[in-house]
Amino acid sequence: TDEVIRNTLAPVPVEIIWDEDGQVTLPHPNTMDLSAFRGGAETGHIRVMSIGGGDIRIEGRPEADPPEVYPENSFGEIADYCKKHRLRVSDYVEAYEGKEIWDFLFRIWTTMCDSIRDGLTCSGVLPGGLQVERKAQMLYNQRHIDEQPPTRENRLVCSYAFAVSDQNAAQGTIVTAPTCGACSTLPAVLKYMQEEKRLSDRQILRALAVAGIIGNIVKTN
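These notes cover the structure that comes with them. Small disclaimer: the values here were computed from a predicted structure and weren't measured. (Residues numbered from 1 in each chain as written. Predicted model: local features only at pLDDT ≥ 70, side-chain atom pairs only at ≥ 80, totals over all residues. Heavy atoms only, no water.)

Let's talk about the packing of aromatic side chains
Counted by the stated rule, this structure contains six aromatic pairs. Relative to tyrosine 96, the ring of tyrosine 70 lies with its centre 5.9 Å away and its plane at 75 degrees, an arrangement referred to as edge-to-face. Here the residue tyrosine 70 occupies a position in the loop between β3 (55-58) and α2 (75-85), and tyrosine 96 occupies one in helix α3 (residues 89-97), the gap between them amounting to 26 residues. According to the relative accessible area criterion, tyrosine 70 is buried, its value standing at 12%. Ring plane angle 45 degrees and centroid distance 6.0 Å describe the contact between tyrosine 81 and tyrosine 96, whose orientation is recorded as tilted. Of the two residues, tyrosine 81 is situated in helix α2 and tyrosine 96 in helix α3; the sequence distance between them amounts to 15 residues. Overall, the relative accessible area of 22% leaves tyrosine 81 in the partly exposed class. Given the relative accessible area of 29%, tyrosine 96 is considered partly exposed. (Phe/Tyr/Trp six-rings, centres within 6.5 Å; stacked < 30°, edge-to-face > 60°. Helix = DSSP H or I, 4+ residues; strand = E, 2+ residues; numbered from the N terminus. Buried < 20%, exposed > 50% of the residue type's maximum accessible area, 1.4 Å probe, protein only.)

Things to note about empty space enclosed by the protein
Under the counting rule described, the total for this entry stands at two cavities of 30 Å³ or more. For the largest cavity, the calculated volume is near 80 Å³. Along the walls of the largest cavity sit Glu68, Tyr70, Glu72, Asn73, Ile78, Ile213, Asn216, Ile217, Thr220 and Asn221, which together make up its complete lining. Its residues assigned to classes, the lining of the largest cavity comprises four nonpolar, four polar and two charged. What the second largest cavity holds in volume is close to 40 Å³. Lining of the second largest cavity is provided by Thr111, Met112, Ser115, Val164, Thr173, Ile174, Val175, Cys183 and Pro187. Element by element, the count of residues in the lining of the second largest cavity is highest for helix α4 (residues 100-120), at three residues. Of the residues that constitute the lining of the second largest cavity, the class distribution is six nonpolar, three polar and no charged. (1 Å grid on protein atoms, 1.4 Å probe; cavity = no way out; pocket = protein on both sides within 12 Å on 5 of 7 lines; lining within 4 Å. Points joined across faces, edges and corners; volume = space filled by probe spheres on them. Nonpolar A, V, L, I, M, F, W, Y, C, P; charged D, E, K, R; others polar.)

As structure tokens, then:
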């Protein structure tokens with residue numbers, strides 16, 4: 001985290017202070033106080049909280065919730081709507097998001113696949129000072145002569161997941177679906193299913209649309 005902050009704000013000098021002893025009472029575990037100084041005097045201060053799912057809250061500022069896209073508030077309501085209008089859930093997403101949703105989801109899927117590919121082609125120690133070694137490539141190549149199908153499935157899915165999490169730790173481009181901490185699960189499962197079931201990109205995009213609706217319902221309720 002400190003390395004990312006310094007790289008982002010360079011060449012501005014940065015001092016980072018960790019509250020290792022828990023001396024400060026925080027409104028949320030993922031809290032960062034940002035202060036700006038000039039000539040030794042503080043010129044600005046904000047407290048920012050990362051509350052999950054890519055959402056940021058700034059203390060003292062009103063929450064800017066995005067406008068509601070879907071009028072239905074539960075999966076039961078969505079299911080009733082889809083039955084009434086003879087729609088698949090992915091068609092329901094298109095009805096409210098517009099056809100441009102497919103270009104957006106294709107960009108998401110392409111980024112997920114790139115992260116898996118890049119993670120599988122890299123080895124060595126991850127940056128950050130903890131001396132954590134990349135695991136994806138090793139897992140992917142760890143095939144046994146008498147490997148059983150369940151073992152193969154577990155090995156491949158795990159190697160894809162480690163590839164994305166390795167890229168995350170290496171400051172690569174990450175799709176935070178559903179969160180940055182869980183960003184490796186969805187691409188790993190979808191990639192394996194596409195290869196195993198010979199699914200088209202279009203089918204994967206429909207799966208992503210449904211996953212997005214489910215995530216939206218969970219977050220809303």
